[in-house]
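# Fold and contact review
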Amino acid sequence: LEKLQVVLGQTDIGIQMHVHETAFEVSESLEQHGMRPLTRIAELGLLGPRFQAVHMTQVDQSDIELLIQNNCSVVHCPSSNLKLASGFCPVNQLWNAGVNVALGTDGAASNNNLNMLEELHLAALLAKAVANDATALNAHQALRMATLNGARALGLEQQTGSLEAGKLADILS
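Presented here is a report on the structure given in the accompanying data block. (Residues numbered from 1 in each chain as written. Predicted model: local features only at pLDDT ≥ 70, side-chain atom pairs only at ≥ 80, totals over all residues. Heavy atoms only, no water.)

## So, the side chain of Ser 80
Note the threshold: Strands here are runs of E lasting at least two residues and helices are runs of H or I lasting at least four, both read from the DSSP assignment and numbered beginning at the N terminus. Each residue gets one of three labels from its accessible area relative to the maximum for its type: buried under 20%, exposed over 50%, partly exposed in between, using a 1.4 Å probe on protein chains only. As used in this structure description, the phrase polar contact means that two N or O atoms lie within 3.5 Å; if the pair is within protein, one of them must be able to donate a hydrogen and the other to accept it, and residues adjacent in sequence are counted only when both atoms belong to side chains. Residues count as neighbours in contact if any of their non-hydrogen atoms are within 4.5 Å of one another.
Within the fold, Ser 80 resides in helix 5 (residues 78-84). Overall, Ser 80 belongs to the buried group, its relative accessible area being 0%. A distance of 2.7 Å separates a polar atom in the side chain of Ser 80 from a polar atom in the side chain of Asp 106. Here the side chain of Ser 80 touches Ser 110 through a polar contact of 3.0 Å, side chain to side chain. Residues within four places of Ser 80 in sequence aside, it is in contact with His 55, Thr 105, Asp 106, Ser 110 and Asn 111.

Quick look at the structure:
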């Protein structure tokens, strides 16, 4: 298990895994393993509060239940998903179910500028379109995704992620 965790990207801040990024990935998992990728990851014992599921564009109710049961976080990367046409993360559905949703940029190969403010803007707009609801992911929720929810996904919410006395901060002006 230790070797598998190193291969998957385990660090002192948890395990980050690109999962349910494309419909092809899900169909391949069903064909090869008879189960959805997140279910297989759960069976391997890798899900937990330090697991960060990056992308999650192909989500069903069983996936949401696994995320909640294991207190996992989802890292939404809107620019990457748009650039690669891989699908849309159902941010509003995840949020309303109680899943911690944070914001990410993915990497330079699938994102032209790695600009978190642009990701924040796109996340807020996409959530509305995907949910078909203009009230989905309001400004406060979107800002929380980019700040405190990101810190929570990394297990750092006691040290950073919000402007409070005693916490670390990096403020744009």
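## As for the nonpolar core
Put simply, the rule reads: Side-chain atoms within 4.5 Å link the members of a nonpolar core, which is a set of buried Ala, Val, Leu, Ile, Met, Phe, Trp, Tyr and Cys residues.
Judged by nonpolar contacts, the single largest core of 29 residues is most densely connected at Phe 51, Leu 67, Val 74, Leu 94, Leu 137 and Met 145. Counting only elements with at least two residues in this core, the list comes to strand 2 (14-19), helix 3 (37-43), strand 3 (51-55), helix 4 (61-69), helix 6 (91-97), strand 5 (100-103), helix 7 (116-131) and helix 8 (139-146). With four residues, helix 7 is the single largest residue contributor to this core. Beyond its immediate sequence surroundings of up to four residues, Leu 137 is in contact with Val 91, Asn 92, Trp 95, Ala 123, Ala 124, Ala 127, Lys 128, Ala 142 and Met 145.

## Some words on the environment of Val 74
Secondary-structure assignment places Val 74 in strand 4 (residues 73-76). Along the sequence, Val 74 and Val 91 sit 17 residues apart, while their C-alpha atoms lie 8.9 Å from each other. Discounting residues that sit within four places of it in the chain, Val 74 has contacts with Ala 53, Met 56, Leu 67, Cys 89, Leu 94, Val 99, Asn 100, Val 101 and Ala 102.

## Observations regarding helix 7
We apply this condition: The span expected for a helix works out to 1.5 Å for each residue beyond the first.
A rise of 1.5 Å per residue sets the reference length of helix 7, with its 16 residues, at 22 Å; its end C-alpha atoms lie 22 Å apart and thus fit the reference within 8%. Within helix 7, the full set of buried residues consists of Glu 119, Leu 120, Ala 123, Ala 124, Leu 126 and Ala 127. Buried positions along helix 7 lie against strand 4, helix 5, helix 6, strand 5 and helix 8. Capping the start of helix 7, Asn 115 holds a side-chain oxygen 2.8 Å from the backbone nitrogen of Leu 117, two or three residues further along. Immediately beyond the C-terminal end of helix 7, within one or two residues, lies Asn 132, with a positive phi of roughly 55°.

## Comments concerning the pattern of salt bridges
Just so we agree on the cut-off: Here, a salt bridge means any Lys or Arg side-chain nitrogen found within 4 Å of an Asp or Glu carboxyl oxygen.
Applying the stated criterion across every chain yields a total of three salt bridges. Of the charged contacts, one joins Asp 60 and Arg 36 as a salt bridge, the two residues approaching to 3.2 Å between their closest N and O atoms. Of this pair, Asp 60 sits in the loop between strand 3 and helix 4 while Arg 36 sits in the loop between helix 2 (23-33) and helix 3, placing them 24 residues apart in sequence. What makes Asp 60 partly exposed here is its relative accessible area of 29%.

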